[in-house]
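Descriptive analysis of the structure
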Amino acid sequence: WVVGAVLILANWPYTLIGIMPTNHKLKAIAEADAGPVSRAMLETWARLHAVRTALGIAATVAYLGALR
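Figured I'd write up the structure that's included with this text. (Residues numbered from 1 in each chain as written. Predicted model: local features only at pLDDT ≥ 70, side-chain atom pairs only at ≥ 80, totals over all residues. Heavy atoms only, no water.)

A few words now on the overall build of the protein chain. Tallying secondary structure elements over the protein chain gives 3 helices and 0 strands in all. Ordering the α and β elements of the protein chain from the N terminus gives α-α-α. In terms of C-alpha radius of gyration, the protein chain reaches 16 Å, well past the compact-globule figure of 11 Å for 68 residues. On the principal axes, the C-alpha backbone points of the protein chain span a range of 55 × 15 × 10 Å. Residue burial in the protein chain is summarised as follows: out of 68 residues, 18% are buried. In the protein chain, of all internal contacts separated by at least 6 residues, the share reaching a separation of at least 24 is 74%. Put simply, the protein chain shows about 5,100 Å² of open surface, and 72% of that area lies on carbon and sulfur atoms. (Helix = DSSP H or I, 4+ residues; strand = E, 2+ residues; numbered from the N terminus. Rg over C-alpha atoms; globule rule 2.2 N^0.38 Å. Buried < 20%, exposed > 50% of the residue type's maximum accessible area, 1.4 Å probe, protein only. Contact = heavy atoms within 4.5 Å. Areas by Shrake-Rupley, 256 points an atom, 1.4 Å probe, with all protein chains shown as cover.)

This is the structure in structure tokens:
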């Protein structure tokens, strides 16, 4: 259970440290200024967000393993 808890709680600091700066940069771009740079930032954001998803899946697997 502890492993699952650590994995699920790891999402908070990862979001604050890893994803929020990218979120702020993306929000600062005006729609008229969107282009290749903002597209690259969106792709980076998607990869960062995939890590959050993987942490959630890993936590679920750990919880399911703890049930056995």
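Further remarks concern the packing of aromatic side chains. Where two aromatic rings form a pair, the distance of their centres and the angle of their planes describe that pair. Within this structure, the stated rule accounts for 1 aromatic pair. A centroid spacing of 5.4 Å and a plane angle of 40 degrees characterise the contact between Trp1 and Tyr63, whose relative ring orientation is tilted. Of the two residues, Trp1 is situated in the segment before helix H1 (2-9) and Tyr63 in helix H3 (residues 36-67); the sequence distance between them amounts to 62 residues. (Phe/Tyr/Trp six-rings, centres within 6.5 Å; stacked < 30°, edge-to-face > 60°.)

Attention shifts here to the side chain of Ser38. Within the secondary structure, Ser38 sits in helix H3. Of the residues examined, Ser38 reaches a relative accessible area of 11% and is grouped as buried. The contact partners of Ser38, leaving out residues within four places of it in the chain, are Leu26 and Ile29.

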